[in-house]
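Each chain is listed here by its residues.
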Amino acid sequence: MGNDSFTAEGMPSPQRILFPPEKVCMEWRQRQRAGAGLHNLDNTCFLNSVLQCLTYTPPLANYLLSGEHSQACRERGFCMMCIMEAHVNKVLRSSGSAIEPLAVINVLPLIGEHFELGMQEDAHEFLRYTVDAMQRACLSGSSDLDIYSQSTTIIHQIFAGFLRSRVTCLSCKAVSDSYEAFLDVPLDIKAASSVSAALKDFVKPEQLDGENCFKCSKCDKRVAASKRFTVHRPPKVLTLCLKRFDDFIGEKINKVVEYPKYLDLRPYMSETAGEPLLYSLYAVVVHSGVSCGSGHYFCYAKASNGLWYEMDDMHVDLCGIERVLRQQAYLLFYVRDLVMLERGSDRGLLQFSKGKCKGCCAGDEHRHGLPRELVEPPSLEMFHSPLDMVMDNRLQVVLLERGGGTR
């Protein structure tokens, strides 16, 4: 991707680009079985599960394994990027064993001053503080940067996207847009039985009236308005947080919320027309227990060999996707699926469409080589959807073309 990956309609361009976007490698550079498990060192399951998901985030792992950051780093004190680089290298080079994640545990108070060894913490909160700490390390030495330039670090190029908040005056129909960066999408699951339903609720317009009236500059008075969030610039890695814990009393929502192996983000974008924005599931954090202050965290992650593993502290066990999709997920990690985006229109997928495809399927008959019904909800929520089968078959073809396969 070039510099155009930083632009979206209505958004300013960054004044500086801190990391070349063409150097972000989305596909694994090397393929191997899963690495080491992580010992639980006194209620550190929340930390272990998040670290494993970050370790198997392809663009992040590729960068950390390259050693590029530590070779250029001039930070003499705490640097989360250097710590993560050492951790990921150690995990992926210690397959079949278990290690102690002491490099991270020893700096817990520097990641978040309220984190205390021995206390059960929230995995989502730890994830956010860890990603923020990596972002601060990438911004070291750069001051007074605008928000759009800050989004050009390697970390924000991987994890961050932008939301558009559009407020429409119900009297004069004037529109006011604002943009904000996001690192994950929080999904209310109280009334939703699936991720697609929760995402539809997330982008549903909200009525602003009464005490929440909007001050319209055109009408020059407070008026009723509608407000709607949409994804305006999508991230390379999409993190979804299913809000299972009550904000005040910490009680947990124990219910099944279906989530797909492949997710099309296009219906939730500011611009819903165009080719699908397909993401592939690669990691899931699960919480077992009745409240956020107790219970146990573990995770599932897809290794670079394309196989899924259950990672429960020191234990790393091979499992099937069927088991992964049956969990009461807390955090879901999806990565942009470049197998589909870069190869879907030239070979391997056109057999599923009718008519002729030139470039990127300009007509309404099919999308990027796939029939429309295969890439739009609700088919994406099916346990074994047609899209799942298409993508699985395509992945096998790509692995064979590379002379790879699974090990």
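Basis of the calculations
Residues numbered from 1 in each chain as written. Predicted model: local features only at pLDDT ≥ 70, side-chain atom pairs only at ≥ 80, totals over all residues. Heavy atoms only, no water. 1 Å grid on protein atoms, 1.4 Å probe; cavity = no way out; pocket = protein on both sides within 12 Å on 5 of 7 lines; lining within 4 Å. Points joined across faces, edges and corners; volume = space filled by probe spheres on them. Nonpolar A, V, L, I, M, F, W, Y, C, P; charged D, E, K, R; others polar. Buried < 20%, exposed > 50% of the residue type's maximum accessible area, 1.4 Å probe, protein only. Helix = DSSP H or I, 4+ residues; strand = E, 2+ residues; numbered from the N terminus. Pairing = 2+ DSSP bridges. Core = buried A, V, L, I, M, F, W, Y, C linked by side-chain atoms within 4.5 Å. Contact = heavy atoms within 4.5 Å. Expected span 1.5 Å × (residues − 1).

This part takes up empty space enclosed by the protein. The gaps left among the atoms become clear once a water-sized probe is rolled over them. Taken as a whole and assessed by the stated rule, the structure comprises two cavities of 30 Å³ or more. Its volume calculated, the second largest cavity comes out at about 40 Å³. Classifying every residue of the lining of the second largest cavity by side-chain character gives five nonpolar, three polar and one charged.

With that out of the way, let us pick up the pairing of strand 3 (residues 161-169). Counting buried residues along strand 3, eight of its nine residues qualify, which places the element largely inside the surrounding structure. Relative to strand 4 (residues 175-182), strand 3 runs antiparallel, the two being bridged by eight bridges. Paired with Thr-168 across the bridge in strand 4 is Val-175. Taking the residues between adjacent antiparallel strands as the criterion, strand 3 and strand 4 are bridged by five residues, where Lys-173 takes a positive phi near 70°. Relative to strand 9 (residues 225-233), strand 3 runs antiparallel, the two sharing eight bridges. Residue Arg-166 lies in a different strand from strand 9, and its bridge partner there is Arg-228.

Time to look at the nonpolar core. Counting 66 residues, the largest nonpolar core has Tyr-56, Met-81, Phe-126, Met-134, Ile-154, Ile-155 and Phe-159 as the members making the most contacts within it. With eight residues, the top contributor of residues to this core is helix 7 (residues 123-139). If we ignore the near neighbours within four places in the chain, the residues touching Met-134 are Leu-54, Leu-60, Met-80, Met-81, Met-84 and Ile-155. With 37 residues, the next largest nonpolar core counts Leu-242, Leu-281, Val-284 and Leu-332 among its residues.

Its 13 residues place the ends of helix 4 (residues 80-92) 18 Å apart at the C-alpha level, agreeing with the 18 Å of an ideal helix rising 1.5 Å per residue. Counting buried positions along helix 4 gives 10 out of 13 residues, so the element sits mostly inside the fold. For helix 4, the set of buried residues is Met-80, Met-81, Ile-83, Met-84, Glu-85, His-87, Val-88, Asn-89, Val-91 and Leu-92.

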